[in-house]
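# Geometric and topological summary
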Amino acid sequence: MTLLQSAVLKFSSYCRCVATARFTTSTYCNKQSLEEKLGLNPKPRKPVTPFFRFIASIRPEILQQQPNMKPTEIVKVAAERWKKADENTKDNLKKLYDQDVLKYLSELKQYEQNLSPGDRDMITLEKESLKLRKERGKLKKEWIASITNAWKSLSQEDKAPYFEKHKKEMEEFKTKLEKWEKEMVTQGLGSVIRQH
């Protein structure tokens, strides 16, 4: 394992899982890709940007100097150092990135050529399904927000029938619960009732 990969593995607990997996070919990241969830070979991951490579390379040094530093503070320090980094360092990281991009594009092309039409259809359907679930969740939040606003805009007089209905239903529930508890005790199942 190279020093960079070692640094990245340590850094991974502070980065998003997707970004972490880009640094290394290991399966350290436990987040599954869409293709893996469908039982297909994983799609090649996009290469790490020069900035993230830079962070991964200086993070051990920063932590050695200040071991209790929070991840957000580490990123701030790294960003300041990135601004002050010499152009040669940035150019070297950019060259590595460009090489990785070429490798990624070639792997991606090979990956897509190896996908069967059925695999492509499964991926497309799953992406559409994810999109619909997100939209449904958004609509549900909007619906709940509109109901909440409607409730807040009601006067106490308009809310009164709902409170009365709630009170009546709670009384019915308590009556039924007491009846059920007595029945459980008479059947010798007193252990299943709640303790008062």
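In what follows, the structure referred to is the one given above.
Just so we're clear, the structure is a prediction, and the values are computed from it rather than from any experiment.

So, on to the packing of helix α4 (residues 50–65) against helix α6 (residues 87–114). For the pair α4 and α6, the least separation of the axes is 9 Å and the interaxial angle reads 115°. Crossing geometry of α4 relative to α6 is assigned as right-handed. Counting all contacts with α4, which are made through Pro50, Arg53 and Phe54, the residues of α6 involved are Thr89, Leu93, Lys94, Leu96, Tyr97 and Asp100. Here the residues of the contact of α4 with α6 sort into 5 nonpolar, 1 polar and 3 charged.

Looking at the element boundaries, Lys90 is found in helix α6. Setting aside residues no more than four positions away along its own chain, Lys90 makes contact with Trp82, Lys83 and Ala85.

Formed by Phe54, Ile55, Ile58, Ile62, Leu63, Met69, Ile74, Ala78, Trp82, Ala85 and Leu93, the largest nonpolar core amounts to 11 residues. Counting only elements with at least two residues in this core, the list comes to α4 and α5 (71–84). With 5 residues, the top contributor of residues to this core is α4. Formed by 5 residues, the second largest nonpolar core is a distinct cluster that contains Leu40, Tyr111, Leu115 and Ile123.

About the thresholds
Residues numbered from 1 in each chain as written. Predicted model: local features only at pLDDT ≥ 70, side-chain atom pairs only at ≥ 80, totals over all residues. Heavy atoms only, no water. Axes fitted to C-alpha atoms, helices over the stretch in contact; angles between N-to-C directions. Helix = DSSP H or I, 4+ residues; strand = E, 2+ residues; numbered from the N terminus. Left-handed = near helix turned anticlockwise from the far one by under 90°. Contact = heavy atoms within 4.5 Å. Nonpolar A, V, L, I, M, F, W, Y, C, P; charged D, E, K, R; others polar. Core = buried A, V, L, I, M, F, W, Y, C linked by side-chain atoms within 4.5 Å. Buried < 20%, exposed > 50% of the residue type's maximum accessible area, 1.4 Å probe, protein only.

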